[in-house]
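What the coordinates show
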Amino acid sequence: MTIAVIGAGASGMMAALTAAEQPENKILLFERQARVGRKLAVTGNGRCNLTNTSAAPENYHGAQPDFAAPALAAFPPEAALRWFAAHGLMTVTEPGGRVYPLSNAANSVVFPLTVIALAIATMIGDGCCAYVSIRLGAGEQEQAHRSVGNAIVLTLIVSVVLMAVYLIFMDPILTAFGATVNAETFALSREYCFWIALGIPFYMFGQAMNPIIRSDGSPRYAMLSLLAGAVCNIILDPIFIFPCGWGMMGAAVATVIGQILSAVLAAAYLLHMKAVRLQRSSFRLRGELLRAFLPLGMTSFLSQISIVFSMAAVLNMCRKYGALDPVFGQAQYAQIPTAVVGIVMKFFQIVISIAIGLSAGCIPVVGYNIGAGRRDRARALLHRLLLAEAVVGLVATALFESCPGVFADLFGAKNESAYYTDFAVRCIRWFLGAAALSCVNKGAMIYLQALGKAWTSTALSLLREIVLGVGLVLLLPVWFGLDGVLYFMAAADAVTFIVTVPVLVRTDRALRG
């Protein structure tokens, strides 16, 4: 029998899977959206809230709560959990009865550990990139090759030490990041963390060498080396998880193999660099070189590490002040603020990634011209960079402000309550209303990094990412309630822009003179 199921939401997918249990059935599942299960994937702040152990007619809100009684009697939450387990999906039940895929929980627990590794790697790589570009422009080949060699050695040492720390102190680290929800979460988190920790040296090496390859005049190779690792990961993920049956370990091993590929490609390039010739003396650590280029990467370090602190502060404030809100304090709407803010922050990351790409691409060019004494070229590039950043930010702002509902619908708002849609629209407009300032600020910080102005760049980054990026999240809700969480991004960028403008004016004058 051929059975057609129209609509690939949670109900449609469940109906199709159930019908497919009969081998004589041929199932056709139709969905007009780009992918199936979009609404389910968005639930629980993007963590895929599968069910709730407290699901019962008396917990449904509406004019006819008994409407759900027949379905719940036929397929109660306990039966749903057994069905998921029978199909190989392990779950975790968190406070409030919310049930999530267990693999998602394990991934979330380990995520901060990879951010720490990335922050250190980008500090070394971006700092060395800026310093080497300046030295190459000045014709100081010896300083350039020694800097690259020192960056390689430092990356290897730090990455091995970090791997050892993660492996030796795995249990207390995982406990600190919330892996003790239950025994299953802890076990899967341990398994995932073990493999990810083994891949830390390859991950950090690939990430740190990438900007150094750009400084050698090969941005395309740098991009392809990372892209190759990402594609490899995407291909191997489903193979290791499903046909091989490795589950969480399969996801971790696929990730590590992708990292190894990127690291191998980076190492292969280092053997045949164009502008820098590595020698045996390049690999002897020199304190004066480390003190010269590491501060230049501090801006990159703060940008990465602040993600963990800012996200934690935002989500905690959403939970705290959402509970005090007359609407979102109700159980059926309690998840809306954290879900919406988490999604909108991803929109922001897309925009700011474009801004970072524009300015990071300028680092080798700016550094080389400064080293060569061509301040006029560096100044012209500053003007073009700021203009490009402003255009990107203004286009993004125009889109977000003119049609916020369209972006909200991308993540299932049309299938949610009116409260969800209203909050999503407000969040997009306030949260992303100063995207132009965000882009200009980020471009200015990275440009100053390229100029060799380490402490100025670091001070601005510290102000934006930590002092304001975390501080305002904690302070504004005290006065404005839940809306204060929506205001912090624009407020932080406005204050940072006011401080950045005089710095840019002085920098422009110095380059002109």
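Residues numbered from 1 in each chain as written. Predicted model: local features only at pLDDT ≥ 70, side-chain atom pairs only at ≥ 80, totals over all residues. Heavy atoms only, no water.

**Remarks on the overall build of the chain**
Secondary structure assignment for the chain yields 20 helices and five strands. Sorting the 513 residues of the chain into buried and exposed places 48% on the buried side. Across the chain, the fraction of contacts at a sequence separation of at least 24, relative to all contacts at a separation of at least 6, is 76%. Of the roughly 23900 Å² that the chain leaves accessible, carbon and sulfur atoms contribute 66%. (Helix = DSSP H or I, 4+ residues; strand = E, 2+ residues; numbered from the N terminus. Buried < 20%, exposed > 50% of the residue type's maximum accessible area, 1.4 Å probe, protein only. Contact = heavy atoms within 4.5 Å. Areas by Shrake-Rupley, 256 points an atom, 1.4 Å probe, with all protein chains shown as cover.)

**Examining the side chain of Ser461**
Locating Ser461 in the fold gives a position in helix H19 (residues 454-480). The exposure class of Ser461 is buried, given its relative accessible area of 0%.

**Details of the confidence of the model for the chain**
Of the residues in the chain, 88% reach a pLDDT of 70 or more, and the chain-wide mean stands at 84. Between the elements of the chain, mean pLDDT differs from a low of 56, seen in helix H2 (residues 38-46), to a high of 95, seen in helix H6 (residues 141-168). (pLDDT = per-residue confidence, 0-100.)

**Thoughts on the packing of aromatic side chains**
Throughout the structure, instances matching the rule amount to seven aromatic pairs. Aromatic pair Phe194 and Trp195: ring centres 5.4 Å apart, planes at 85 degrees, arrangement edge-to-face. Residue class for Phe194 comes out partly exposed when judged on its relative accessible area of 35%. Trp195 gets classed as partly exposed once you look at its relative accessible area, which sits at 28%. Through a chain of ring-to-ring contacts, three or more aromatic side chains come together here, namely Trp430, Phe480 and Tyr487. For the cation-ring pair, Arg135 lies above Tyr131, with the distance from its terminal atom to the ring centre recorded as 5.1 Å. (Phe/Tyr/Trp six-rings, centres within 6.5 Å; stacked < 30°, edge-to-face > 60°. Lys NZ or Arg CZ within 6 Å of the ring centre and 35° of its normal.)

**Brief notes about the nonpolar core**
Val148, Met209, Val366 and Tyr447 are the most contacted members of the largest nonpolar core, which has 74 residues in total. If you tally residues by element for this core, the top one is helix H5 (residues 102-137), at 13 residues. Residues within four places of Val148 in sequence aside, it is in contact with Cys128, Val132, Ile212, Met273, Val276 and Leu278. (Core = buried A, V, L, I, M, F, W, Y, C linked by side-chain atoms within 4.5 Å.)

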